Amino acid sequence: MTDIRSIVVFGASGNIGAAIVPSLLSAGLSVTVATRPGSSASFSSGVKVATTDYSQESLTSLLQNIDAVVSVVGPQGYTSQHAIIDAATVSGVKYFIPSEFGLDYTDPRIFNILPLFKVKNEVLEHLKRKEKEGLSWTGIVTGLWLDWGLPFGMFDVDLNAHKATIWDGGNTKFRVANVRDIAEAVTSLVLNPQVRQQASNTIVHISSLETTQNEVLEAAEKATGAKFDVTHIESQTVWSDLQDKAARGDAGAIREVLTGSTVSKQIPSQIDEKADKWNALLLNGKKEETVEETVKRIVKGDGPQGKWVTQNSS
Ligand SMILES: NC(=O)c1ccc[n+]([C@@H]2O[C@H](COP(=O)([O-])OP(=O)(O)OC[C@H]3O[C@@H](n4cnc5c(N)ncnc54)[C@H](OP(=O)(O)O)[C@@H]3O)[C@@H](O)[C@H]2O)c1
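These figures come from a predicted structure and were not determined experimentally.

Caption draft 1: Spotlight on the packing of aromatic side chains. This structure, assessed with the given rule, holds 7 aromatic pairs. With a centroid separation of 6.1 Å and 20 degrees between ring planes, the pair formed by Phe 155 and Phe 174 is classed as stacked. With Phe 155 in the loop between helix H6 (146-149) and strand E7 (157-158) and Phe 174 in strand E9 (residues 174-176), this pair connects stretches of sequence that are 19 residues apart. For Phe 155, a relative accessible area of 0% gives the class buried. On the numbers, 6.4 Å between centres and 80 degrees between planes, the contact of Trp 167 with Trp 239 is edge-to-face. Remark: Trp 239 occurs in helix H10 (residues 235-247) and Trp 167 occurs in strand E8 (residues 163-167); sequence separation between them is 72 residues. Each member of the pair, Trp 167 as well as Trp 239, is classed as buried. Joined through ring pairs, the aromatic side chains of Tyr 105, Phe 111 and Phe 117 make up one cluster. Directly above the ring of Tyr 95 sits Arg 196, whose terminal nitrogen or CZ lies 5.4 Å from the centroid.

This is the structure we're talking about:
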């Protein structure tokens, strides 16, 4: 029996929120989504919608009689989580899942590669300070999201242009997550007090599958029926320049640093066997979708981005 019944989701209209909210609702939980005044977000029926300007007054009122908070705010909203944490503590919320869902920057090899990790880490430090006031938390590390990110070129395999940039030979193994598994992991944590206790006040790793860039490329060629135009790069020739540009806020460089830190030999395999334990507990030990199945699903239009990929005509 779950001890958590009422949940507020912040950032619910975003990329991962759109998968988490239906998952929580289908588990029979009472879900309120918190959105900013004037936001263009729209929500399906069955969900309660509350607007908040993120002031303490508004947040404290919103979080009365709420058991748990799931924060999936996007980058511009990361710092607003400090106000949510303060209001959650005052209001007696028991459990908080912060907007993590990415790389494990608690790994020192990752922490300095992007300034945004410092901003996210300050939120974790704030949560740690609130533990003694009765708020527990779990940060979920997922690595890059394969089915969401591939259509955006996150893996340097472009499904529409049929081009790929392969880093360091393309055989570096890495783990990634698919969006519905991330949503399932969040719901499992909320529903299961025993598992939640084990995951309390720490980072957990989950992954949907392990692959390499060459496998993603092969799956992409098979699913689209196209031969891709492939360029090879060695990470050591571009890495320090990319990091400099990313530190100055260059969006393209930030994306390439995220990709390179996953697929290249610069920082191999930061999500590893640690994910096996949490996959078993949070994804109910279900059978992995293969990279081939995932890419085929994306190309068919059954990815979180919908029909983004044009079918090959060549
Ligand atoms: N590993 C990966 O590949 C990957 C990919 C994408 C994202 N992520 C991570 O997942 C988490 C959620 O990201 P996301 O892409 O789902 O979020 P998103 O779509 O960029 O934004 C989610 C929502 O945040 C809300 N928000 C609250 N305060 C805001 C502010 N000041 N400015 C702008 N929006 C604000 C907005 O909702 P309202 O308009 O309703 O207020 C927005 O719809 C983040 O921690 C992100 O780093 C990871």
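Caption draft 2: Molecular detail of helix H5 (residues 116-130). The terminal C-alpha atoms of H5 lie 22 Å apart, and with 15 residues this matches the ideal 21 Å at 1.5 Å per residue to within 8%. When H5 is considered as a whole, its buried residues turn out to be Phe 117, Lys 120, Asn 121, Val 123, Leu 124, His 126, Leu 127 and Lys 130. Looking at the buried positions of H5, the neighbouring elements they touch are helix H3 (81-91), strand E5 (95-97), helix H4 (108-111), strand E6 (136-141), strand E10 (202-205) and helix H11 (251-263).

Caption draft 3: Spatial organisation of the nonpolar core. Judged by nonpolar contacts, the single largest core of 62 residues is most densely connected at Phe 10, Leu 63, Phe 96, Leu 150 and Phe 155. The leading source of residues in this core is H3, at 5 residues. Summarising the domain contributions, this core has at least three residues from each of domain 1 (6-143 + 177-205) and domain 2 (146-175 + 208-269 + 286-299). If you look at the next biggest cluster of nonpolar residues, it comprises 37 residues, including Val 21, Ala 199, Ile 206 and Leu 283.

Caption draft 4: Representation of the site of the ligand. For the ligand, the set of nearby residues contains 27 residues, the closest of which are Ser 13, Asn 15, Thr 35, Ser 39 and Tyr 78. Measuring from an oxygen atom of the ligand, one finds a backbone N or O atom of Ile 16 at 3.0 Å. Here the shell around the ligand is composed, by residue class, of 11 nonpolar, 13 polar and 3 charged.

Caption draft 5: The arrangement of unusual backbone geometry in detail. One non-glycine residue, Phe 101, adopts positive backbone phi at about 60 degrees. Relative to the assigned elements, Phe 101 resides in the loop between E5 and H4. The exposure class assigned to Phe 101 is buried, which follows from its relative accessible area of 5%. Despite not being glycine, Asp 168 shows a phi value in the positive range, around 50 degrees. Mapped onto the elements of the fold, Asp 168 is located in the loop between E8 and E9. Since its relative accessible area comes to 10%, Asp 168 is described here as buried.

Conventions and cut-offs
- Residue numbers run consecutively from 1 along every chain, following the written order of its sequence.
- Only residues with pLDDT of at least 70 get local features here, since the model is predicted, and only at 80 or more are side-chain atom pairs given and counted; chain-wide, interface and lining totals rely on the full set of residues.
- Side-chain descriptors were evaluated using all non-hydrogen atoms of the structure, hydrogens and water having been removed beforehand.
- Between the rings of Phe, Tyr and Trp (Trp by its six-membered ring), a pair exists once the centres lie within 6.5 Å; its type follows the angle of the planes, with under 30 degrees stacked, over 60 edge-to-face, and the other angles tilted.
- We count a stretch as a helix when DSSP gives it H or I for four or more residues in a row; a strand needs E for two or more, and each element gets its number in order from the N terminus.
- Burial status follows relative accessibility: with a 1.4 Å probe on protein chains alone, a residue under 20% of its type maximum counts as buried, one over 50% as exposed, and anything between as partly exposed.
- By the criterion adopted, a ring carries a charge over it if an Arg CZ or a Lys NZ lies within 6 Å of its centre and within 35 degrees of its normal.
- The span expected for a helix works out to 1.5 Å for each residue beyond the first.
- Contacts are residue-level and defined by heavy atoms, with any inter-residue pair within 4.5 Å sufficient.
- Grouping buried Ala, Val, Leu, Ile, Met, Phe, Trp, Tyr and Cys residues that are joined through side-chain atoms within 4.5 Å yields what is termed a nonpolar core.
- Residue ranges labeled as domains rest on an automatic or database domain assignment.
- When at least one non-hydrogen atom of a residue lies within 4 Å of a molecule or strand, that residue is treated as near it.
- For the purposes of these results, a polar contact is taken to be a pair of N or O atoms within 3.5 Å, where, inside protein, one atom must be able to donate a hydrogen and its partner to accept one; residues adjacent in sequence count only when each atom of the pair is a side-chain atom.
- Ten residue types, Ala, Val, Leu, Ile, Met, Phe, Trp, Tyr, Cys and Pro, are classed as nonpolar, four, Asp, Glu, Lys and Arg, as charged, and the remainder, Gly among them, as polar.

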